[in-house]
Amino acid sequence: MDSLDTFARTKLDALEAGSLRRRLTPTERGTGAAAARRGRALVSFSCNDYLGLSHHPRVIAAAQEAVATYGAGAGGSRLVTGDHPVLGALEARLAQHKGAEAALVFGSGYLANLGITPALAGRGDLVVLDELSHACMWAGARLSGAKVLTFRHNDPADLAAKLAEHRPHHARALVLTERVFSMDGDRAPLGDLLGVAEDFDAWTLVDDAHGIGVVEDGPRAPLEMGTLSKALGSYGGYLCASRPVIDLMTSRARSFVYTTGLPPSSAAAALEALVILEAEPARRARPLALARRFTARLGLPEAESAVVPVLVGDAQAALDISAALEADGFLVVAIRPPTVPAGTARLRVAFSAAHAEAQVDALADAVAALTGRASRP
């Protein structure tokens, strides 16, 4: 249809003009933070495999054994035929890890957030999100049909003001935030936010996708979701909560009920990764230590997590620096709007236990040279 293609081309031309068009780039990943693009060997600082477990021999072996035992796919929705035994074992271990009564595994973290909020809130209810919440939290909030508001990033006082004004007019209220924000690497003041939410009888959902296994200390929320695809090196999502809440999700979270269960290999890999990270505190501490080594060398604010943003501002400038870093042997992808606010395009640097100190220092020196920052030994 000519009108459809014309529409698509017009949109693409506008994205291209603003340096905002996305393109897929085949990327090979290996052990020790190794990557390859266009036949060139690179050190990746753009991967969320924070503990280097996606290539751990025990994790790979667990996935292979699950495939041999249960097959490559789950075969159907978990409520029909897809509830293979590995999922129950993973949920029990996740609940134990989070200190929760129960857990439920979803097909991905995005699917988890699409299902959780609409299962708890609807018309006549209120959802208040941190303004920098991940896109999937926004999507779940909007799907719920509830009134959706934002509070200023990491600002408990603004959250309190919004709840004071709007909470009395709604039957139920949810507060949505993240333990570690994926594009800024900063951490929410969870203790303060939880206190405000409790004062107004609001239920708090915390997205721990970028915290679990790395920086997940501090208070727990009544609703803790996250992914299996980052520090746990596999794929999938989960919610940890009370038994009644998990039982409700099993019946009412549409992104759980109406989709195929997680493949056995993914569940088994995540379960083994969880066992490893709990047994190796030094591995868990390493990504933050390396991130702080990097921020100290560049004179940036001290890292709060394994994610460090290097703000550039202009989208094309961020792309140019990313390309120059790739020419120097580093994979550091540029992040542009709408993933981040307009005018805040950046390099998003992600640190892993698999990185060596020398690799971190070399990247800091390269970033300093390209951005005009001073690199401190």
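Model, not experiment: these values are computed from the prediction.

Enquirer: How would you explain the domain arrangement of the chain if you had to name every residue and give the values?
Expert: If you check the domain split of the chain, you get domain 1 (25-54 + 281-371) and domain 2 (56-278). A straight line from the C-alpha centre of domain 1 to that of domain 2 covers 26 Å. Across the contact, 23 residues belong to domain 1 and 24 residues belong to domain 2. When domain 1 packs against domain 2, close to 1,900 Å² is buried across both sides, 58% of that on carbon and sulfur atoms. Broken down residue by residue, the surface that domain 1 buries against domain 2 is led by Leu53, Arg284 and Glu304, which jointly contribute 34%. With a closest N to O distance of 3.1 Å, Asp184 and Arg346 form a salt bridge. Joining domain 1 to domain 2, the criterion identifies nine residue pairs in polar contact (both at pLDDT 80 or more).

Enquirer: I'd love a proper account of the packing of aromatic side chains, names of residues and values included.
Expert: With the rule as written, the count across this model stands at four aromatic pairs. Here the aromatic rings of Phe45 and Phe330 are separated by 6.3 Å at their centres, their planes lie at 55 degrees, and the arrangement is tilted. With Phe45 in the loop between strand 3 (40-44) and helix 2 (57-70) and Phe330 in strand 12 (residues 330-331), the pair connects residues that are 285 residues apart, well separated along the chain. A relative accessible area of 9% places Phe330 in the buried class. Centre to centre, the rings of Phe294 and Phe351 are 5.2 Å apart; their planes meet at 55 degrees, and the pair counts as tilted. Taken together, the residues Phe294 in helix 11 (residues 281-298) and Phe351 in the loop between strand 14 (345-350) and helix 13 (357-371) connect sequence positions 57 residues apart.

Enquirer: I'd like a rundown of the pattern of salt bridges, residues and numbers included.
Expert: One pass over the structure, following the stated rule, counts 29 salt bridges. The closest approach of N and O atoms between Asp83 and Arg78, which form a salt bridge, is 2.7 Å. Connected through shared salt-bridge partners, Lys98, Arg179, Asp208, Glu216, Arg220, Glu224 and Arg284 make up one network.

Enquirer: Explain the sheet that holds strand 14 to me, and be specific about the residues and the numbers.
Expert: The strand order 11-14-13 describes an open sheet built from three strands, whose pairing is antiparallel. Strands with a single pairing partner mark the edges of an open sheet, and in this sheet they are strand 11 (307-313) and strand 13 (334-335).

Enquirer: I'd like to hear about the packing of helix 2 against helix 10 (residues 264-279), residue by residue, with values.
Expert: In the contact formed by helix 2 and helix 10, the axes pass within 8 Å of each other and the chain directions differ by 145 degrees. Between helix 2 and helix 10 lies a crossing whose hand is right-handed. In contact with Arg58, Val59, Ala62, Ala63, Ala66, Val67 and Tyr70 of helix 2, helix 10 contributes Pro264, Ser265, Ala268, Ala269, Glu272, Ala273, Val275 and Ile276. Counted by class, the contact of helix 2 with helix 10 contains twelve nonpolar, one polar and two charged residues.

Enquirer: Outline the nonpolar core, supporting the account with residue identities and numerical values.
Expert: In this structure, Phe45, Leu94, Leu228, Phe294, Leu325, Phe351 and Leu363 are the most contacted members of the largest nonpolar core, which totals 61 residues. The leading source of residues in this core is helix 10, at nine residues. Residue-level mapping places this core at the junction of two domains, with at least three residues from each of domain 1 (25-54 + 281-371) and domain 2 (56-278).

Enquirer: Talk me through the pairing of strand 7 (residues 173-178); I want residue IDs and the actual numbers.
Expert: Most of strand 7 is tucked away, with six of its six residues classed as buried. Burial along strand 7 is two-sided: Ala173, Val175 and Thr177 and Leu174, Leu176 and Glu178, pointing in opposite directions, are all buried. Note that strand 5 (residues 126-130) and strand 7 share four bridges and pair parallel. When the bridges of strand 7 are listed, Val128 appears paired with Val175. Taken together, the five bridges between strand 7 and strand 8 (residues 203-207) define a ladder with parallel strand orientation. Looking at strand 8, one finds that Thr177 is bridged to Val206. Traced from strand 7 through helix 7 (residues 190-199) to strand 8, the parallel crossover comes out right-handed.

Calculation rules
Residues numbered from 1 in each chain as written. Predicted model: local features only at pLDDT ≥ 70, side-chain atom pairs only at ≥ 80, totals over all residues. Heavy atoms only, no water. Domains from an automatic or database assignment. Contact = heavy atoms within 4.5 Å. Buried area = accessible area lost by both parts, 1.4 Å probe. Salt bridge = Lys/Arg side-chain N within 4 Å of Asp/Glu carboxyl O. Polar contact = N/O pair within 3.5 Å; in protein donor to acceptor, adjacent residues only side chain to side chain. Phe/Tyr/Trp six-rings, centres within 6.5 Å; stacked < 30°, edge-to-face > 60°. Helix = DSSP H or I, 4+ residues; strand = E, 2+ residues; numbered from the N terminus. Buried < 20%, exposed > 50% of the residue type's maximum accessible area, 1.4 Å probe, protein only. Pairing = 2+ DSSP bridges. Axes fitted to C-alpha atoms, helices over the stretch in contact; angles between N-to-C directions. Left-handed = near helix turned anticlockwise from the far one by under 90°. Nonpolar A, V, L, I, M, F, W, Y, C, P; charged D, E, K, R; others polar. Core = buried A, V, L, I, M, F, W, Y, C linked by side-chain atoms within 4.5 Å. Right-handed = clockwise from strand over helix to strand, strands pointing away.

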